[in-house]
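Residue-level listing of the chains:
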Amino acid sequence: MPLDSDLLRTFLAVAEAGNVTHAAAALGRTQSAISVQVRKLETTLGTALFRRQARGMALTPGGEALVGAARRALGEIDRIAGLFAAPLAGPVAVGIPDDHGPGVLASVLATFAARHPEVEVSVRCAVSTDFPGAVRRGELDLAVHAAPPEAAGAAPLLTEDTVWAAHPRLPLAPGRPVPLALFDRACWWRDAALAALAAAGRPCRVAYSSESAGGVTAAVAACLAVGVFARSTVPPGLRVLDGRDGFPPLPASSLVLLRRSGGPTPAVAAMEEAIRTALAGPGRR
């Protein structure tokens, strides 16, 4: 039977989200419609693609094999469609967390701008605490937001460990308050770090505060304090601290993509797809 590209898109959405609920939210469809499409694709291919588990959906070996092939097929379909589409144009305002700014997201934005020179891309690189409000006010079309663990609604683009890190020469004598470098505004990482140390009975003090991730990183790299980082953003030269060093575990870090209400323009929709594709990579869980 011929394959329906819409079924492949639904399959990838479930594979990337890890459950039907988040995939349905991302695609703007009901959960039952998503489940029907997955079953239809499994029937077409004659194999199970997912196995249900306590926390969502896991890929079967057949599903794992299909992911790469589906991405390549849909990429080619989109490329062909692009040959006959009008060039993208118009403004796109994007917010990205400053601790992720120099990495994958910067590359995504640069590549997008080069491929679509008529699109006016503007970027706000800052602590993402203010991004939800900026999206609601219409100041940003899209924003990658470092969401707290209890956040509901948006499916995470990326989830990874949150870790403590310090300069290898920073003295951390038992019984002495741990010097911390933290954001100086309301931030779930700040609250989580202080709460974790308090629960572990380890005294601490905020030795350095900054409104930017760059300021916090500079303080930690200068051997002034211990910082909190998403694992992928720990700068080279710093040492990750764990239970052997007397540091308790922290909640996982998640990135979600926020979009301004209303139907997106073609340029905004294309930027959203570029960001989602870039962050749905090997380090994702």
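Here is what the cut-offs are and how they apply
- Residues numbered from 1 in each chain as written.
- Predicted model: local features only at pLDDT ≥ 70, side-chain atom pairs only at ≥ 80, totals over all residues.
- Heavy atoms only, no water.
- Patch = residues over 30% accessible without salt bridge, like charges linked within 9 Å, V, L, I, M, F, W, Y side chains within 5 Å.
- Areas by Shrake-Rupley, 256 points an atom, 1.4 Å probe, with all protein chains shown as cover.
- Salt bridge = Lys/Arg side-chain N within 4 Å of Asp/Glu carboxyl O.
- Helix = DSSP H or I, 4+ residues; strand = E, 2+ residues; numbered from the N terminus.
- Buried < 20%, exposed > 50% of the residue type's maximum accessible area, 1.4 Å probe, protein only.
- Pairing = 2+ DSSP bridges.
- Axes fitted to C-alpha atoms, helices over the stretch in contact; angles between N-to-C directions.
- Contact = heavy atoms within 4.5 Å.
- pLDDT = per-residue confidence, 0-100.

1. Side note on a nonpolar patch on the surface
Okay, step 1: The grouping of Ile 80, Leu 83 and Phe 84 at the surface amounts to a nonpolar patch, some 370 Å² of accessible area in total.
Okay, step 2: In this fold, Ile 80 is placed in helix H4 (residues 61-83).
Okay, step 3: When its relative accessible area of 42% is taken as the criterion, Ile 80 is described as partly exposed.

2. Here we look at the sheet that holds strand S12 (residues 253-259)
Okay, step 1: Taking strand neighbours across the sheet as the criterion, the five strands line up as S4-S3-S5-S12-S6 in an open arrangement whose pairing is mixed. Edge positions in the open sheet fall to strand S4 (119-126) and strand S6 (156-160), since each of these has one partner strand only. The average undirected angle you get between the axes of adjacent strands in this sheet is 20°.
Okay, step 2: Here six bridges tie strand S5 (residues 142-147) to S12, and the two strands are oriented antiparallel to one another. Bridging across to S12, Leu 142 finds its partner in Arg 259.
Okay, step 3: Where helix H9 (residues 266-279) meets the sheet, it contacts strand S3 (90-97), S4, S5, S6 and S12, and its direction lies at approximately 30° from that of S3.

3. A short note on the confidence of the model for the chain
Okay, step 1: Of the residues in the chain, 91% have a pLDDT of 70 or more, and the chain-wide mean is 85.
Okay, step 2: Within the chain, the lowest mean pLDDT, 75, falls on helix H2 (residues 20-27), and the highest, 95, falls on strand S7 (residues 162-166).

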